[in-house]
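# Structural overview for review
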Amino acid sequence: MILNELIKETQKNQMVSTLFKHYKVESVKMKYKSMKDHAYFNVETGVMEISTRYKTLKTSQVKEFLITLIHEIRHAMDAKKYGWRKFKDMWEYEANMISGDHVKGKTDPYADNPHEIEAEEFGQKNWKQWYNKFKKQNLI
Ligand SMILES: [Zn+2]
């Protein structure tokens, strides 16, 4: 590793910790995992998984990183609010309703799941303000 990589990794971790604190999900467990997506809140375990594939972020990856992380944080906020086991049941209930053809016009248990729509809107709505903030702080 060269110093520049160490700094970039630190900056990424600083963004993660700032967002976790801001959205009050500091108590959610995190672990590293090799995966394509930047982050994934595992509703089966209540653990936030962070990808090891992007130890440092390229400029072109920052937007997707922020949207994904904020989307997943929204799930973690819901899990904190309801308890993650209950939130898992709530998520699955909606998925099953869609799979069972009980929701008019909805066909995809994942993409049409109201919890997914809500989380994605949350990510899309909030990423830019954080982008600007982190940019000012020279984190990106
Ligand atoms: Zn999601």
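Residues numbered from 1 in each chain as written. Predicted model: local features only at pLDDT ≥ 70, side-chain atom pairs only at ≥ 80, totals over all residues. Heavy atoms only, no water.

### Things to note about the pattern of salt bridges
Going by this rule: The rule for a salt bridge is simple: a side-chain nitrogen of Lys or Arg has to be within 4 Å of a carboxyl oxygen of Asp or Glu. Under the scheme used here, helices are H or I runs from DSSP no shorter than 4 residues and strands are E runs no shorter than 2 residues, and both carry numbers assigned from the N terminus.
Under the defined criterion, the tally for this structure stands at six salt bridges. A salt bridge links Lys88 to Glu92, with the shortest nitrogen-to-oxygen separation between them at 3.6 Å. Placement of the pair is Lys88 and Glu92 together in helix H3 (residues 84-99), with a separation of four residues, close to one helical turn. Each of Glu44, Lys88 and Glu92 takes part in one network of salt bridges that share partners.

### Considerations on the coordination of the zinc ion
How we decide: Each metal's donors are the N, O and S atoms found within 2.8 Å of it, except that Na, K and Ca use a 3.2 Å limit; water is left out, so coordination can look incomplete. For every residue, the accessible area obtained with a 1.4 Å probe (protein chains only) is divided by the maximum for its type, and the residue is called buried under 20%, exposed over 50%, and partly exposed between those limits.
The zinc ion binds to the protein through His71 (NE2), His75 (NE2), Glu116 (OE) and Glu116 (OE), with metal-donor distances spanning 2.0 to 2.8 Å. The sequence motif formed by the donor residues of the zinc ion is H-x3-H-x40-E. Of this pair, His71 and His75 both sit in helix H2 (residues 62-82), four residues apart, which is roughly one turn of that helix. Each member of the pair, His71 as well as His75, carries the same accessibility label: buried.

### Thoughts on a nonpolar patch on the surface
Put simply, the rule is: Residues enter patches when their relative accessible area tops 30% and they take part in no salt bridge; the joining distance is 9 Å for like charges and 5 Å for the nonpolar side chains Val, Leu, Ile, Met, Phe, Trp and Tyr. Throughout, the Shrake-Rupley method with a 1.4 Å probe supplies accessible areas, and for residues the shown protein chains are the sole cover considered.
Together, Met1, Leu3, Leu6 and Ile7 make up an exposed nonpolar region whose accessible area comes to about 440 Å². Relative to the helices and strands, Ile7 is located in helix H1 (residues 3-22).

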